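Observations on the model geometry
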Amino acid sequence: MTYDFRKIEEKWQQFWAENQTFKADNDSQKEKFYVLDMFPYPSGAGLHVGHPLGYIASDIYARYKRHKGFNVLHPMGYDSFGLPAEQYAIQTGQHPAITTETNINRYREQLDKIGFSFDWSREVRTSDPNYYKWTQWIFIQLFNSWYNKDADRAEDISRLIAIFEKEGNQSVNAVCDEDVALFSAADWQAFTAKQQQEVLLQYRLTYLAETEVNWCPALGTVLANDEIVNGVSERGGHPVIRKKMTQWSMRISAYAQRLLDDLAMVDWPQPLKDSQTNWIGRSEGAEVTFRVLPLAPPQGGGTTSDLNRDSSSPKFHTADSDIYGVLLERAKDMRKNPTKAEAKLWEALRNRNLDSKFRIQHPISRYIVDFVCLEKELIVEVDGEIHQYQLNEDAERQLLLEQKKGYTVIRFTNDEVLNDIDEVVYKIETALNSPSLGGGRGEVNSQAQEISVFTTRPDTIFGVSFMTLAPEHELVSKITTSGQKEEVEAYIAATAKRSERDRMADVKTITGAFTGAYAEHPFSKEPIPIWIGDYVLAGYGTGAVMSVPCGDQRDYDFAKHFNIPIPNIFEGVDISELAFADKEKTVIANSDFLNGLPYKEAVKRVISELEQLGQGKGKINYRLRDAVFSRQRYWGEPFPVYYVDGMPQMISAEHLPIILPEVEKYLPTETGEPPLGNATIWAWDVGKSAVVSNQLIDDVTVFPLELNTMPGWAGSSYYFNRYMDPHNEKEIFSKEAMDYWQDVDLYIGGSEHATGHLLYSRFWQKFLFDKGVVPKPEFAKKLINQGMITGTSAFVYRVDFEASWSLNKKIKEPSLTKPMYVSYDCFKEIDDLYKFILSSEISAQDKNIFANGNGFTKGLASVIEDTVFYNLLDGGKKDTLKIFMRLFEYVQNDIRTQNVGAIVHGLKFSPIHVKVQYVNASDELDIEELKRDSEFGEEYKDAIFIGEKGEVLPFGEDLGGAFKVSREVEKMSKSKYNVVSPDAICEEYGADSLRLYEMFLGPLEQSKPWNTAGITGTHGFLKKLWRLYHSGREGQFKVDNSPLEGGEGGVAEPLKESLKTLHRTIKKVEEDIENFSFNTSVSTFMIAVNELSAQKCTSRAILEPLAVLVSPYAPHIAEELWSKLGHTTSIANAPFPKFEGKYLVESSKEYPISFNGKVRFKVELPADLSKEEIEAAVMAHDKTQEQLQGRTPKKVIVVPGKIVNIVG
RNA sequence: GCUCGAGUGGUGGAAUUGGUAGACACGUUGGACUUAAAAUCCAAUGGACAUUAGUCCGUGCGGGUUCAAGUCCCGCCUCGAGUACCA
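Residues numbered from 1 in each chain as written. Chains lettered and ligands numbered in written order. Predicted model: local features only at pLDDT ≥ 70, side-chain atom pairs only at ≥ 80, totals over all residues. Heavy atoms only, no water.

Under the defined criterion, the tally for this structure stands at 76 aromatic pairs. Seen in terms of ring centroids, Phe139 and Phe639 are 5.0 Å apart; in terms of plane orientation they differ by 75°. Their pairing is edge-to-face. Of this pair, Phe139 sits in helix α5 (residues 129-143) while Phe639 sits in the loop between β22 (627-628) and β23 (641-644); the two residues are 500 residues apart in sequence, bridging distant segments of the chain. Of the two residues examined, Phe139 and Phe639, each falls in the buried class. Aromatic pair Tyr634 and Trp635: ring centres 6.5 Å apart, planes at 20°, arrangement stacked. Assessed through its relative accessible area of 1%, Tyr634 is described here as buried. (Phe/Tyr/Trp six-rings, centres within 6.5 Å; stacked < 30°, edge-to-face > 60°. Helix = DSSP H or I, 4+ residues; strand = E, 2+ residues; numbered from the N terminus. Buried < 20%, exposed > 50% of the residue type's maximum accessible area, 1.4 Å probe, protein only.)

Spatially, 4 strands are ordered β38-β37-β40-β39 in an open sheet, and the strand pairing comes out mixed. With partners counted over all chains shown, the strands left at the sheet margins are β38 (1158-1166) and β39 (1195-1199), one partner each. Within the sheet, the average angular offset between the axes of one strand and its neighbour, ignoring direction, is 20°. Where strand β37 (residues 1148-1155) meets β38, 8 bridges bridge the pair, whose relative direction is antiparallel. Bridge pairing in β38 links Ile1153 to Phe1161. Sheet contacts for helix α38 (residues 1171-1180): β37, β38, β39 and β40 (1203-1207); angle to β39, the most-contacted strand, approximately 125°. (Pairing = 2+ DSSP bridges. Axes fitted to C-alpha atoms, helices over the stretch in contact; angles between N-to-C directions. Contact = heavy atoms within 4.5 Å.)

Once that is clear, we can look at the environment of Pro75. Mapping Pro75 onto the fold places it in the loop between β2 (71-73) and α3 (83-92). Look at Pro75 and you get buried, because its relative accessible area is 1%. For Pro75 and Trp120, which are 45 residues apart along the polypeptide, the C-alpha to C-alpha distance reads 6.5 Å. If sequence neighbours within four positions are ignored, Pro75 has contacts with Tyr34, Val35, Leu36, Phe118, Asp119, Arg122 and Tyr723.

We now examine the protein's contact with RNA strand B. Close to RNA strand B lie 50 residues; Thr456, Tyr540, Arg623, Ser922 and Leu1001 are nearest. Restricting the count to atoms of RNA strand B within 4 Å of the protein gives a sugar and phosphate share of 61%. In the environment of RNA strand B, a phosphate oxygen lies 3.0 Å from a nitrogen or oxygen atom belonging to the side chain of Ser283. In this structure, a phosphate oxygen belonging to RNA strand B sits 2.9 Å away from a side-chain N or O atom of Asn1079. Taken together, the elements giving at least two residues each to the surface near RNA strand B come down to α10 (270-280), β16 (450-455), α33 (1015-1029), α35 (1078-1094), β37, β38, β39 and β40. The element best represented in the surface near RNA strand B is α35, accounting for 6 residues. Across the surface near RNA strand B, the residue classes tally to 20 nonpolar, 14 polar and 16 charged. (Near = heavy atom within 4 Å. Polar contact = N/O pair within 3.5 Å; in protein donor to acceptor, adjacent residues only side chain to side chain. Nonpolar A, V, L, I, M, F, W, Y, C, P; charged D, E, K, R; others polar.)

Here the focus is the pairing of strand β28 (residues 746-749). Of the two faces of β28, the one carrying Leu746 and Ile748 and the one carrying Tyr747 and Gly749 are both buried. As defined by bridge partners, strand β1 (residues 32-37) adjoins β28 across 3 bridges and the pair is classed as parallel. Among the inter-strand pairings, Leu36 is bridged to a residue of β28, identified as Tyr747. Pairing between β28 and strand β29 (residues 783-785): 3 bridges, direction parallel.

This brings us to the packing of helix α32 (residues 991-1000) against α35. Where α32 contacts α35, the two axes come as close as 7 Å, and the packing angle between them is 120°. The orientation of α32 with respect to α35, classified from their angle, is oblique. Contacts between α32 and α35 involve Leu996, Met999 and Phe1000 from the former and Phe1078, Asn1079, Val1082, Ser1083 and Met1086 from the latter. Considered class by class, the residues forming the contact of α32 with α35 number 6 nonpolar, 2 polar and no charged. (Parallel < 35°, antiparallel > 145°, perpendicular 65-115°, else oblique.)

Attention now moves to the environment of Asn568. Locating Asn568 in the fold gives a position in the loop between α19 (553-562) and α20 (599-613). The sequence separation of Asn568 and Cys550 amounts to 18 residues, and the corresponding C-alpha distance is 5.7 Å. Residue contacts for Asn568: discarding those within four places in its chain leaves Cys550, Val573, Ile575 and Asn590. Within polar-contact distance, the side chain of Asn568 engages the backbone nitrogen of Phe570 at 2.9 Å.

On to the nonpolar core. Counting 101 residues, the largest nonpolar core has Leu925, Tyr1029 and Phe1078 as the members making the most contacts within it. Look past the residues within four positions of Tyr1029 in its chain and what remains in contact with it is Gln1036, Phe1037, Lys1038, Val1039, Leu1103, Leu1106, Ala1107, Leu1121 and Leu1125. (Core = buried A, V, L, I, M, F, W, Y, C linked by side-chain atoms within 4.5 Å.)

Looking now at α10. Regarding α10, the residues found buried are Leu272, Lys273, Gln276 and Ile280. When α10 is viewed along its axis, its buried side chains cluster within an angular range of 100° and face the same direction. Exposed residues on α10 whose side chains face more than 90 degrees from its buried face are Pro271 and Asn278. Elements that come into contact with the buried residues of α10 comprise α9 (256-261), β11 (282-292), β21 (616-622), α24 (757-770) and β29. Within two residues after α10, Gly281 carries a phi angle of roughly 60°, on the positive side. (Arc of directions from axis to C-beta.)

In this section: the pattern of salt bridges. Applying the stated criterion across every chain, the model contains 45 salt bridges. The shortest N-O distance in the salt bridge between Arg457 and Asp459 comes to 2.9 Å. Looking at Arg457, the relative accessible area reads 9%, which means it is buried. Judged by relative accessible area, which is 0%, Asp459 ranks as buried. Measuring nitrogen to oxygen at the nearest pair gives 2.8 Å for the salt bridge that ties Asp739 to Lys735. Taken together, the residues span about one helical turn, with Asp739 and Lys735 both in helix α23 (residues 735-741) at a distance of 4 residues. For Lys735, a relative accessible area of 54% corresponds to the exposed category. The structure contains a network of salt bridges with shared partners spanning Lys32, Asp743, Asp745, Lys776 and Lys781. (Salt bridge = Lys/Arg side-chain N within 4 Å of Asp/Glu carboxyl O.)

The next thing to look at is the packing of helix α2 (residues 52-67) against helix α34 (residues 1056-1074). Relative to each other, α2 and α34 sit at 120°, their axes nearing to 10 Å. Taken together, the axis directions place α2 and α34 in an arrangement best described as oblique. The interaxial crossing formed by α2 with α34 has left-handed handedness. From α2, Ile60, Tyr61 and Tyr64 reach across to α34, where they touch Glu1070, Ile1073 and Glu1074. (Left-handed = near helix turned anticlockwise from the far one by under 90°.)

Attention now moves to the confidence of the model for chain A. It should be kept in mind that the predicted coordinates are not to be read in detail where pLDDT is low. Taken residue by residue, chain A gives an average pLDDT of 84. The fraction at 70 or more is 89%. Averaged over each element, pLDDT in chain A is lowest for helix α18 (residues 500-505) (56) and highest for α5 (97). Predicted confidence is poor over residues 438-446, with pLDDT under 50, and the contacts of this stretch with residues over four places away or in other chains come to 15 contacts. Note on residues 1044-1051: pLDDT is under 50 here. Beyond four places in sequence and across chains, it has 8 contacts. (pLDDT = per-residue confidence, 0-100.)

On to the sheet that holds β28. Whether parallel or antiparallel, the strands of a sheet pair through hydrogen bonds between backbone atoms. Taken together, the 4 strands give an open sheet; going across it, the order is β2-β1-β28-β29, and neighbouring strands pair in parallel fashion. Edge positions in the sheet fall to β2 and β29, since each of these pairs with one other strand and no more. For this sheet the average axis-to-axis angle between neighbouring strands, irrespective of direction, equals 15°. Against the sheet, α2 contacts β1, β2 and β28, and its axis sits at roughly 170° relative to β1.

The next subject is α24. With 14 residues, α24 extends 20 Å between its outermost C-alpha atoms, agreeing within 8% with the 20 Å of an ideal straight helix rising 1.5 Å per residue. The buried fraction of α24 amounts to 13 of the 14 residues, a majority that puts the element mostly inside the structure. Positive phi shows up at Gly772, right after α24, with a value of about 75°. (Expected span 1.5 Å × (residues − 1).)

Attention now moves to the pairing of strand β17 (residues 466-469). What you see with β17 is no split at all: Phe466 and Thr468 on one side and Met467 and Leu469 on the other are buried throughout. Summarising the sheet, β17 and strand β20 (residues 544-547) pair through 4 bridges and their orientation is antiparallel. Along β20, the bridge assignment pairs Phe466 with Ser547.

Quick look at unusual backbone geometry now. A cis geometry characterises the amide bond from Leu656 onward to Pro657, with omega recorded as 0°. Tracing the backbone shows Pro657 in the loop between β24 (647-650) and β25 (683-685). With a phi close to 55°, Asp592 is a non-glycine residue in the positive phi region. If you trace the backbone, Asp592 turns up in the loop between α19 and α20. A positive phi angle is found at Lys1096, which is not glycine, with a value near 50°.

Next comes the structure, spelled out in structure tokens:
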């Protein structure tokens, strides 16, 4: 009997299906074990051998746990909403539901062939209304919840309303929008219903908000951050831009801290935890408020910040007192000698009937201004030519007067005054009447602006030399001075135009603009210039930073670029080249009360000082943003939402599911609405509680429904819970089912879901936990990332040539009549020759004759015997040269006979992918099969293949050499022709061989290349295993039924050796499975079968447990052997063999004897010898004496059971 | 740049707390069986020298600890994954 795997596998797959062998019971006395695989998206391409890797591992574990007596839940289903089906629908008009169904059927067929022990009775599909009913239900729960920070959990929105009614929102400590206004209970009562809804939306865990989103015009949808790779969409690689849209968002940020903390609860791979930690991005620091110095600050009423002014002195004493005398003398001087223009303007100002009084050459602060109206705080300057070279000083002076002193400065040139005095006076009048002007001293002109920044280094606050706002920051337009307006606006426009991708592409270009405004340092009260720059991100923190160039490299670079001072506030640190960012080594200097403090203490101190000032507090910031939940897509879950007066309303749960409507087109509507805008029956009738025609919308009883759909992660964020009770129509799952199954014990899947699916799922789980729906705050205890299986691509080398041909004739580029390909060996030798030319010690000129940099060999025809270059070649290279010459001549002849007037100069060999299925284990290409290929056969049909030794097959010289390909490990992909389908493997070697081989390849977590050749190893093992049970005449099944003890009736008991083999195997396999080291247990099986075969073991006492051991890995053959052993029920629940150490006890040990750590020989010694006895026995040994050659060892180290080392 | 992971024969990979490096398999070479091929079986297979015993070198590189290091420590190099102006 041969091992007929096709028949066996089909038989048992059918058996399992018919008997529902793997159906998990919700009502069992057994202990539960939940093994889960990540939800597949059923793509049209089907599975390749990389996909089932994780499924095989989890299946082995699930089957093992069944043998160990657990009630195992091992379900499978489909994440069947998604982009590809919709893209396909847009292209072909085919309904996504149909393509999805087809793809699922193909997936199922492929999965079934591999023999997985899934409980298919629990299959779910996210696109099934019976499933997404509960996705909608969870959405409603989120909408009806808010996050109470005091309780640190989600609570029902009704509780919040109750608080509002009683006391307003002052005492509410919730995670909510940034800009929530304070209101009292009375205010709340006075709000209209709509206003109340608006307020509540600011608190709900899912809310509508205008958000800046990643809009992908080509896909017509919004993408999540993790759906964008390198600035383009993950699927399709289309450009992505920033756009503001009203979107549903999920307040995942409320859970940031818990998502971080609870990572400690789960046994997940550290890299995955790290990447979630980074994604959440917690940083501790402080929020600091900087006052913006007003453009025209109040100067009276004692609120002035000008500390130098003597309040008792007259109002026109505006100069700084220390230099008042000097300035006044100078001013008097200047009044006597006015310029022409000054005199003319002074006359005009006095003669015209202006309401305001002007002074000429008046000292203010440390300057003398030309004209000033003190009431209106307007300074008029007339610039002579002399000012041209002192523009900078003027600007500085103007800034001081404007920012610190609150004056408005207007300037005229001499020419303006002399030529058009009327126009000048008109401008002055206009300026006097402008409302932005002080309008009289003591009056507050506008409310003070503040900038809040988040910093992780509040200790460096005295190193602030400027502030930087994101260009999108809302304050920018409010604080920019008229002088800087143009520059700032130009900069903002330029930044907005730059796509995210451009911004990322050149992070090195430093750009920014000065707003003209100044902020006040909270401690030193010094003015700090406010800049904008796109290195500050609008979306992080407050969108503004206090820039400390000495302590932050980005600030440093910015300061250097714009010539902003870089004050050093670190003790003993050189900052002339680089910023200093090492917290540990920080000692603060030049910082008032912080001097001499290290980082940690300085932070504490500064925060407490800021708190006293009311200008800051300690704060924890998270990088994690709220997740946008709307997609402008058809093929997704519809929201259970309709709109009344623009406010979203939930449809009550009893009317769910709201079924995805039919549409004619899957594209956005002409008005740019999502595809659901094409639906004609898509309105909600509150009276009938039904979806009705859009034409009935009257906004009284019939309202429009939401047009967005939910994103891909909606349905996959709770499916693991639904599997526990997948057909429940009344609840998302019953309490009993949940109480029994609790959570996932083992989850296997790819690491690519680290910051998407796995974070969102944890978020929903925590929410459902808060609501008491699930019993555990984390859904998966243990998680394993399986590695990727990469492909091994195969290449042939196409012969290309370089030629020159007449351009006069209208001839297309010449090509060979028949394409030519050379085998890898042949290519390699020619390539070596080519490289030899390039590296030879011949002149550059000579090199250029023989070869050029583009890989073309040329001019080799001139290499004839006894030339200098020829003599450089060794024998092998001379042979290669001959082969090359023949090729070259052939190509030359071929082109010449085409009579196109082209001359061939050189040859090149280009690697071309060929389908790996035509390549055997020895890397030989099956040319005949390749020529028959349905897709590419034509291309190769007439091609010439030149083999290993340069034999030219079509020239009639078959030297019997093979045609080899070169191989390279690449990602498995259709375009690289290296995809291997599991179907083909199952067909040729069987599912059991595939399962074993996938495990045998290497550690589960590691990525490793697939090479079909190796599968003969595991296939051969299965054949050997089969033969072990079929050692009878002509391969008949033969198992010796003797009981373990006794050996009655003349049949021998199992050999001691066989028992040792068996129990060693039990021990190893058990340990391996528990450690998820599946590759090593396959080796163990091989060793066991090799040994048992050598022992000619036929004993049932050995072979029966062996079948159970193998069963998780190779279930089909195990079932067949099990039934041949006389069992009528499946092997699936047979108990796992029990390991007994007594069979492994050895009576002797072969000790390696090493000298100075090097093993020289081995000595067989009884296992129970003491250290001393071992030493004595070893020292007495002939070989020991031979090694020592009379020397006395310094030391003898004996490790019983391990090794003996003799030193000396 | 930062974070994490990994470097062992021609290849995939073993080596459990420091204790015989290269298990197991692929590939390669030779042999048996066969008219032949496939399949199967047997033998050899890290490198170098010696081909009889044997000797030396070998786990990315350079140091160190130890009787003993692939494994531990220090410093580098290379590759891979994630992330990216995160204040």
